[in-house]
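# A structural walkthrough
Residues per chain, in single letters:
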Amino acid sequence: MSSRAYVAELGPEPAMRRVLAVSAALAYLLGIATIFNLAIDARLAALGALIWSLHGGAQWFLIASAHKRFQRLRIHSDGTAELLGAGGDWHRATICKDCIVLPGIAWLKLALAKGGSYCELVRRESCGNEQWRHLQVIWRHLGTVP
């Protein structure tokens, strides 16, 4: 079997997408609280909180819109990936180096070939044993993504 044919096909879990959205919101709220607790002028803190909020809102919007656009993902053994769009077409992507794959959960970030990115939080239980095992083997094979 060629290494190109070895693929992990994963379907996102709605509960994990909610966990991701809530975690992002909490992180940005904690960031705002931290900014206001700094020993700086209140106007500067308000400006910092505004910039932080705009950045967080934009990131949150990008993640939510990508989740609406894509239904499934495929990770290939060569470090490439594909995302299944809502219309049934596959979009090319590459794995980013800030992915984390642990024994029971994975944080996957993909760069789309046409620009933009896609993030997904995936659990072993939601993928099925065979697909999760494929992801683990691919991840070990890739090592550190350049």
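Residues numbered from 1 in each chain as written. Predicted model: local features only at pLDDT ≥ 70, side-chain atom pairs only at ≥ 80, totals over all residues. Heavy atoms only, no water.

### Remarks on the nonpolar core
Counting residues in each nonpolar core, the largest one holds 24 residues, and the members touching the most others are L73, I75, L83, L110 and L135. Where this core is concerned, the elements lending two or more residues are β1 (7–10), β2 (70–76), β3 (80–85), β4 (90–95), β6 (105–112), β7 (117–123) and α4 (129–142). The greatest single-element share of this core, amounting to five residues, is contributed by α4. (Core = buried A, V, L, I, M, F, W, Y, C linked by side-chain atoms within 4.5 Å. Buried < 20%, exposed > 50% of the residue type's maximum accessible area, 1.4 Å probe, protein only. Helix = DSSP H or I, 4+ residues; strand = E, 2+ residues; numbered from the N terminus.)

### Describing helix α1 (residues 14–36)
For α1, with 23 residues, the first-to-last C-alpha span of 33 Å sits near the 33 Å given by 1.5 Å per residue. Among all positions of α1, only M16, R17, L20, A24, Y28, G31 and I35 are buried. Packing partners of the buried residues in α1 comprise α2 (42–69), β2, β6 and β7. (Expected span 1.5 Å × (residues − 1). Contact = heavy atoms within 4.5 Å.)

### Things to note about the layout of surface pockets
Volume-wise, the largest pocket comes out at about 490 Å³. Forming the walls of the largest pocket are 26 residues, and the residues nearest its centre are Y28, Q59, W60, L62 and I63. Residues belonging to the lining of the largest pocket are distributed by class as follows: 15 nonpolar, eight polar and three charged. (1 Å grid on protein atoms, 1.4 Å probe; cavity = no way out; pocket = protein on both sides within 12 Å on 5 of 7 lines; lining within 4 Å. Points joined across faces, edges and corners; volume = space filled by probe spheres on them. Nonpolar A, V, L, I, M, F, W, Y, C, P; charged D, E, K, R; others polar.)

### Quick notes on the environment of K68
Relative to the helices and strands, K68 resides in helix α2. Overall, the relative accessible area of 68% leaves K68 in the exposed class. Placed 37 residues apart in sequence, K68 and G31 show a C-alpha to C-alpha distance of 27 Å.

### Quick look at the pairing of β4
When β3 meets β4, the two strands line up antiparallel, connected through five bridges. Note that in β4 the partner of A81 across the bridge is A93. Connecting β3 to the next strand, β4, in antiparallel fashion are four residues, including G88 with a positive phi near 95 degrees. Pairing of β4 with β6, which is carried by three bridges, proceeds in the antiparallel orientation. If you follow A93 over to β6, its bridge partner there is L112. (Pairing = 2+ DSSP bridges.)

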